[in-house]
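As a plain string of letters, each chain reads:
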There are 2 protein chains.
Amino acid sequence: MKTCAIIPVSRFTHAKTRLSPTLSPSEREGLLKAMLMDVSGALARHVDRVLVISADEDVLEYAYSLGLKILEEEGERDLNGALEQAMDFCAPEFDRVIITPSDIPLIGKADVSNLLDHASRADVVIAPANGGGTNTLILRPSAMSLRFGDCSFFEHIHEARERGLSVSVYDSFYLSLDVNTAEDLGEIILHGEGTHAREYLRKLRFTVKPSRGSDRLEVSRSP
Amino acid sequence: MKTCAIIPVSRFTHAKTRLSPTLSPSEREGLLKAMLMDVSGALARHVDRVLVISADEDVLEYAYSLGLKILEEEGERDLNGALEQAMDFCAPEFDRVIITPSDIPLIGKADVSNLLDHASRADVVIAPANGGGTNTLILRPSAMSLRFGDCSFFEHIHEARERGLSVSVYDSFYLSLDVNTAEDLGEIILHGEGTHAREYLRKLRFTVKPSRGSDRLEVSRSP
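Residues numbered from 1 in each chain as written. Chains lettered and ligands numbered in written order. Predicted model: local features only at pLDDT ≥ 70, side-chain atom pairs only at ≥ 80, totals over all residues. Heavy atoms only, no water.

Peer 1: Explain the side chain of Thr136(B) here, please?
Peer 2: Mapped onto the elements of the fold, Thr136(B) is located in strand S6 (residues 134–139). Residues in contact with Thr136(B), not counting those within four places in the same chain, are Ile98(B), Ile99(B), Thr100(B), Leu115(B), Val125(B), Ile126(B), Ala127(B) and Leu175(B). (Helix = DSSP H or I, 4+ residues; strand = E, 2+ residues; numbered from the N terminus. Contact = heavy atoms within 4.5 Å.)

The structure is reproduced here in structure tokens:
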């Protein structure tokens, strides 16, 4: 089955604002770029093409510099609209698409080929994210409407079943970890050996230690 | 391979203090009991025996009432000491043990038989927890010293490799979710359909919604 990975990236600047107490704007940009390298690199080893869709020139330029296929968003679309544009773009040439966010740098620790194998046994494969979202969705292009947003994991399963599509849940800790909070940075430092994201955080002299507070992990910068 | 599941339970009272802003002491006790039913029930379908080890009379009585095998801790031991006592107890009769905490109520959503199959291909099988811990460890009884505690996932892998034991990491979102914070309760309400833990939280009229703050999920009690 010919497969295209679709990675939507909104922008590098003014993104990940929940990380602003921990990372400066330029550091957040650096981390986003490092994570896109991790995600696209892990997927490129298993699919026929990796496509980044964005409305942001910087993102498209950077993705192009990584050797990725790029697609400029048409008009003012939300995430689902942009992904539907990307699926339409892929439909003539690919049997299926694998949609992942750009901020799951531990994807390479998951068994991506096993993940793709699941798609030979179900119409839709979906991997849960922390917080009720979707961190991977595999389907035939435009097999169903996309429901990214709040609690999208359950919305996507509902949408697939409404259309009589079979669903396989891919249960993965590494895929569930998207990066939005300081605690998430801690998980990347712990588990991200060999990733660009961890290397970037190390260069910023971040370290992590367990915490007994409302977070399990506490990250800090060594002097 | 004859397999015994070992579930260490310290106590029901004065436990899970990080949940005290959200649950009363008696509610925390009720949740701990519900989760033990979920964990022991999910394991019992796949192993030859489920053993609960504790120094607490209430815990042992409750586990016994669930039809589980019980073992009283000898003397003042820490978690690793208690588990080593339990492994010694199992060694004459079982080829391997699967050690899990009692607070991973979504274990039944994971593929437990697939998890156990991994133990036929490696000396040690380990599943990561959020925060760097270990939420499942499968090994021959006393094949190595146990390192439960801070960052135990990495400590256990290091210990196994030091002894020349092969290690298989079992990558599971559902196994990674132990319950320590209000946000964790949110994940149980979202993903825990059919579990005693979710049913218990529903009875307490808890609901969950996405949040854009430092937590991804916010739980609250409907009036």
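Peer 1: What is the right way to look at the interface of chain A and chain B in this model?
Peer 2: Listed per partner, the contact involves 33 residues of chain A and 33 residues of chain B. Summed over both partners, the interface of chain A with chain B comes to about 2700 Å²; 51% of that surface belongs to carbon and sulfur atoms. On the chain A side of the contact with chain B, Asp171(A), Phe173(A) and Arg216(A) bury the most area, a combined 26% of that side's loss. Counting every contact that joins chain A to chain B gives four salt bridges. Linking chain A with chain B are 12 residue pairs in polar contact (both at pLDDT 80 or more). (Buried area = accessible area lost by both parts, 1.4 Å probe. Salt bridge = Lys/Arg side-chain N within 4 Å of Asp/Glu carboxyl O. Polar contact = N/O pair within 3.5 Å; in protein donor to acceptor, adjacent residues only side chain to side chain.)

Peer 1: It is not clear to me how helix H7 (residues 182–191) of chain B should be interpreted in this structure. Could you clarify?
Peer 2: Helical geometry note: an α-helix holds 3.6 residues per turn, so side chains three or four residues apart project in the same direction. For H7(B), a buried count of nine out of 10 residues is recorded, marking the element as mostly surrounded by other parts of the structure. Regarding H7(B), the residues found buried are Glu183(B), Asp184(B), Leu185(B), Gly186(B), Glu187(B), Ile188(B), Ile189(B), Leu190(B) and His191(B). (Buried < 20%, exposed > 50% of the residue type's maximum accessible area, 1.4 Å probe, protein only.)

Peer 1: Teacher, can you tell me more about empty space enclosed by the protein here?
Peer 2: Over the atoms rolls a probe the size of a water molecule, and in doing so it shows where empty space is left. A complete count under the given rule lists one cavity of 30 Å³ or more for this structure. Taken as a whole, the largest cavity spans an internal volume of roughly 190 Å³. The wall of the largest cavity is formed by 16 residues, among which Asn130(A), Glu183(A), Arg216(A), Asn130(B) and Glu183(B) lie closest to the centre. Among the elements of the structure, helix H7 (182–191) of chain A together with H7 of chain B are those that each provide at least two residues to the lining of the largest cavity. Considered class by class, the residues forming the lining of the largest cavity number two nonpolar, four polar and 10 charged. (1 Å grid on protein atoms, 1.4 Å probe; cavity = no way out; pocket = protein on both sides within 12 Å on 5 of 7 lines; lining within 4 Å. Points joined across faces, edges and corners; volume = space filled by probe spheres on them. Nonpolar A, V, L, I, M, F, W, Y, C, P; charged D, E, K, R; others polar.)

Peer 1: When you look at the sheet that holds strand S3 (residues 69–72) of chain B in this model, what are you seeing that I'm missing?
Peer 2: In sheet architecture, strand pairing relies on hydrogen bonds along the backbone and comes in two forms, parallel and antiparallel. Residues and elements named next belong to chain B. One open sheet holds the seven strands; their spatial order is S3-S2-S1-S4-S6-S5-S7, and the pairing between them is mixed. A single partner strand is all that each edge strand has here, and the edge strands are S3 and strand S7 (167–169). Averaged over all pairs of adjacent strands, the angle between strand axes in this sheet comes to 20°, irrespective of strand direction. In this structure, strand S1 (residues 3–8) lies alongside strand S4 (residues 96–99), joined through four bridges in parallel fashion. Across the sheet, residue Ala5 finds its bridge partner in S4, namely Ile98. Packing against the sheet, helix H3 (residues 79–90) makes contact with S1, strand S2 (49–54), S3, S4 and S6, and its axis sits at approximately 155° to S1. Contacts from helix H5 (residues 152–162) reach strand S5 (124–128), S6 and S7 within the one sheet, and its direction differs from that of S5 by about 165°. (Pairing = 2+ DSSP bridges. Axes fitted to C-alpha atoms, helices over the stretch in contact; angles between N-to-C directions.)

Peer 1: Would you take a moment to explain the pattern of salt bridges for this structure?
Peer 2: Residue and element names in this part refer to chain B. Applying the stated criterion across every chain, the model contains 24 salt bridges over all chains. The partner of Lys16 in a salt bridge is Asp103, with the nearest N and O atoms 2.4 Å apart. With a gap of 87 residues between them, Lys16 in the loop between S1 and helix H1 (25–44) and Asp103 in the loop between S4 and helix H4 (112–118) connect regions that are remote in the sequence. On the basis of relative accessibility, which here comes to 18%, the residue Lys16 falls in the buried class.

Peer 1: Would you take a moment to explain the pairing of strand S6 (residues 134–139) of chain A for this structure?
Peer 2: Consecutive side chains along a regular strand alternate between the two faces of the sheet. Among the six residues that make up S6(A), six are buried, leaving the element largely enclosed by the rest of the structure. From the end of strand S5 (residues 124–128) of chain A to the start of S6(A), which pair antiparallel, there are five residues, and Gly131(A) there has a positive phi angle of about 90°.

Peer 1: Mind showing me how you'd approach the relation of the copies chain A and chain B here?
Peer 2: When chain A is fitted to chain B, the residual RMSD is 0.0 Å, and the transformation amounts to a turn of 180° plus an axial shift of 0.0 Å. A rotation of that kind, with that shift, is consistent with a two-fold axis. (Least-squares fit on C-alpha atoms with pLDDT ≥ 70 in both.)

Peer 1: I would appreciate a short explanation of the sheet that holds strand S2 (residues 49–54) of chain A in the present structure.
Peer 2: Residue and element names in this part refer to chain A. What the seven strands build is an open sheet, ordered S3-S2-S1-S4-S6-S5-S7; its pairing is mixed. The sheet is open, and its two borders are formed by strand S3 (69–72) and strand S7 (167–169), each paired with just one other strand. Pairs of neighbouring strands in the sheet enclose a mean axial angle of 20°, with direction left out of account. Here S5 pairs with S7 via three bridges, running parallel. Of the residues in S7, the one forming a bridge with Val125 is Ser168. Helix-sheet contacts for helix H2 (residues 57–65) involve S2 and S3, and the interaxial angle to S3 is about 165°.

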